[in-house]
Amino acid sequence: MRITGISTHVVGTPWRNLTYVQVHTDEGITGVGETRMLGHTDALIGYLREAEANHILGSDPFAVEDLVRRMKYGDYGRAGEIVMSGIAVVEMACWDIKGKALGVPVWQLLGGKVTEKVKAYANGWYTTERTPEAYHKAAQEVVARGYKALKIDPFGTGHFELDHQQTLYAVSLIEAVRDAIGPDAELMLEMHGRFSPSTAVRLARELAPFKPAWLEEPVPPENLKALEKVAAKVDIPVATGERIHDRIEFRELFDSQAVDIVQPDVGHIGGIWETRKLAATAETHYMLLAPHNVGGSVLTAASLQVGFTSPNFKILEHFNDFADAEIKKVVKGAPQVVDGYFQLSDAPGLGVELDTDAAAEFPQQQARFDLWAEGWEQRKPKGTK
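Residues numbered from 1 in each chain as written. Predicted model: local features only at pLDDT ≥ 70, side-chain atom pairs only at ≥ 80, totals over all residues. Heavy atoms only, no water.

## A look at the sheet that holds strand β2 (residues 17-25)
Read from one edge to the other, the open sheet built from 3 strands follows the order β1-β2-β3, with strand pairing classed as antiparallel. If you trace the sheet from one side to the other, it starts and ends with β1 (3-12) and β3 (30-37), each paired once. Between one strand axis and the next, the sheet turns by 20° as a mean value, whatever way the strands run. Here β1 pairs with β2 via 9 bridges, running antiparallel. Across the sheet, residue Ser7 finds its bridge partner in β2, namely Gln22. In the packing of helix α11 (residues 297-307) onto the sheet, the strands contacted are β2 and β3, and the crossing angle to β3 comes to about 105°. (Pairing = 2+ DSSP bridges. Helix = DSSP H or I, 4+ residues; strand = E, 2+ residues; numbered from the N terminus. Axes fitted to C-alpha atoms, helices over the stretch in contact; angles between N-to-C directions. Contact = heavy atoms within 4.5 Å.)

## What about the environment of Lys329?
With respect to the helices and strands, the residue Lys329 is situated in the loop between β11 (316-318) and β12 (331-332). When its relative accessible area of 45% is taken as the criterion, Lys329 is described as partly exposed. Sequence separation of Lys329 and Val64 is 265 residues, and the distance between their C-alpha atoms is 29 Å. Apart from the residues within four sequence positions on either side, Lys329 is in contact with Asp355, Ala358, Glu361 and Phe362. (Buried < 20%, exposed > 50% of the residue type's maximum accessible area, 1.4 Å probe, protein only.)

## Here we look at the pattern of salt bridges
On inspection of all chains with the given rule, the structure shows 23 salt bridges. Asp66 is paired through a salt bridge with Arg69; the nearest N and O atoms lie 2.7 Å apart. Of this pair, Asp66 and Arg69 both sit in helix α2 (residues 64-73), 3 residues apart, which is roughly one turn of that helix. Among the ionic pairs, Arg194 bridges to Asp153, the shortest N-O distance being 2.9 Å. Of this pair, Arg194 sits in the loop between β6 (186-190) and α7 (197-207) while Asp153 sits in the loop between β5 (149-152) and α6 (164-181), and the two are 41 residues apart along the sequence. The pair Arg194 / Asp153 is uniform in exposure class, with both members buried. Taken together, the shared-partner salt bridges in this structure form one network comprising Glu65, Arg247, Glu274 and Lys277. (Salt bridge = Lys/Arg side-chain N within 4 Å of Asp/Glu carboxyl O.)

## With respect to the packing of aromatic side chains
Tallied over the entire structure, the rule returns 12 aromatic pairs. Summarising the aromatic geometry, the rings of Trp15 and Phe319 are spaced 5.6 Å apart at their centres and angled 40° between planes, so their arrangement reads as tilted. Of the two residues, Trp15 sits in the loop between β1 and β2 while Phe319 sits in the loop between β11 and β12, which places them 304 residues apart along the sequence. Judged on exposure class, the residue Trp15 and its partner Phe319 are both buried. Centroid distance Phe155 to Phe195: 5.2 Å. Interplanar angle 90°. Geometry classified as edge-to-face. A residue pair is termed long-range when its members are at least 10 positions apart, and Phe155 in the loop between β5 and α6 and Phe195 in the loop between β6 and α7 qualify at 40 residues. Assessed through its relative accessible area of 0%, Phe195 is described here as buried. Taken together, Trp15, Trp125, Tyr126, Tyr135, Phe319, Phe369 and Trp376 form an aromatic cluster joined through their ring pairs. Over the ring of Tyr341 we find Lys117, and its NZ or CZ is 4.2 Å from the ring centre. (Phe/Tyr/Trp six-rings, centres within 6.5 Å; stacked < 30°, edge-to-face > 60°. Lys NZ or Arg CZ within 6 Å of the ring centre and 35° of its normal.)

## Topic: the domain arrangement of the chain
One frequently used descriptor of interface size is the decrease in accessible area upon assembly of the parts. Domain boundaries in the chain define domain 1 (3-104) and domain 2 (108-350). Each of domain 1 and domain 2 has a C-alpha centre, and these two points are 25 Å apart. Buried surface at the junction of domain 1 and domain 2, both sides included, amounts to about 2700 Å², of which 62% is carbon and sulfur. Counting the surface domain 1 buries against domain 2, the share from its top three residues, Arg16, Trp95 and Val104, is 21%. Joining domain 1 to domain 2, the criterion identifies 4 salt bridges. The tally of links from domain 1 across to domain 2 stands at 23 residue pairs in polar contact (both at pLDDT 80 or more). If you list the elements that add at least two residues to the side of domain 1 that touches domain 2, you get β2, β3, α2 and α3 (81-102). Looking at the side of domain 1 that touches domain 2 element by element, the count peaks at 13 residues for α3. Across the side of domain 1 that touches domain 2, the residue classes tally to 14 nonpolar, 7 polar and 11 charged. (Domains from an automatic or database assignment. Buried area = accessible area lost by both parts, 1.4 Å probe. Polar contact = N/O pair within 3.5 Å; in protein donor to acceptor, adjacent residues only side chain to side chain. Nonpolar A, V, L, I, M, F, W, Y, C, P; charged D, E, K, R; others polar.)

Written as structure tokens, this is what we have:
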């Protein structure tokens with residue numbers, strides 16, 4: 001079996017463009033992969049056009065390791081977000097082809113299942129007025145749908161510092177959310193790399209009474225010493241990793257022991273097998289895995305293949321029941337959250353199919369997501385309704 005070409009399809013919303021890539025073969029089997037770029041969708045498609053000619057055409061889709069190696073190192077330049085994301089979408093599609101050709105789910109090819117279900121946590125649910133009352137109501141709706149975990153960034157446009165008044169308001173939002181979801185649900189606290197170490201530590205202590213399940217990206221991701229400073233002073237588990245795009249770059253993070261939960265994005269770190277390798281390394285450091293997942297249903301399905309096969313897999317992020325829920329229709333067989341969990345699927349490959357006609361109903365947009373802009377949490381850029 002050989003790859004005869006790829007095709008790209010961009011599904012657009014005002015705040016995110018999702019890039020789907022179909023990999024076609026000479027035996028008529030087509031696989032699909034997906035990633036979500038922040039402002040670099042056209043760059044990704046441009047890279048894939050070159051990579052198709054240089055690396056992908058004529059390749060054996062079963063030889064996933066070889067194709068990834070050639071795409072990563074064959075151009076000599078250091079692979080960053082765009083290249084690793086391009087590798088990821090093609091790699092996912094190759095696993096999908098392999099599973100379909102053999103009639104088995106991808107998780108079976110990764111060593112088999114270690115669990116029948118993967119816990120989900122909701123994100124994108126607080127696209128409402130930024131008040132305790134509105135957040136209380138929105139959080140109640142999340143748990144009413146069966147979710148047992150959810151995540152929130154309550155810090156507005158906070159950057160490095162958060163003054164006393166803004167801190168009190170953030171605390172009031174978290175107090176409302178915890179009251180709405182009760183004591184048993186997990187509440188993940190997202191900081192989006194906003195703060196200086198001292199501010200992150202202070203806020204963690206202010207919010208500790210509400211029992212956050214983790215503290216995510218408390219400081220910008222470039223400075224591990226700053227992260228170590230936070231980790232040494234807080235009792236809440238620390239999570240990070242979504243903006244690291246190469247498995248090798250996690251080495252210093254592992255060595256630092258400054259993190260409890262690693263959060264690679266399967267769509268940015270080279271795909272399913274690269275993430276599974278990272279999960280194994282995390283396991284040797286007694287760390288959990290909770291992939292970043294702001295994509296649609298194909299990326300969710302790919303992330304779940306890692307989840308069903310990794311003993312240290314904690315939970316998977318899920319946006320698509322709340323933000324842009326209508327885009328789920330572009331994928332047939334989209335994974336669904338039932339009573340707070342994704343259930344194991346025996347469908348061959350990734351278990352999903354891209355509906356290109358439905359995808360065409362959501363053309364690419366000038367998507368914009370600015371975490372430093374007022375009202376960012378509503379995910380409605382200026383000029384949209």
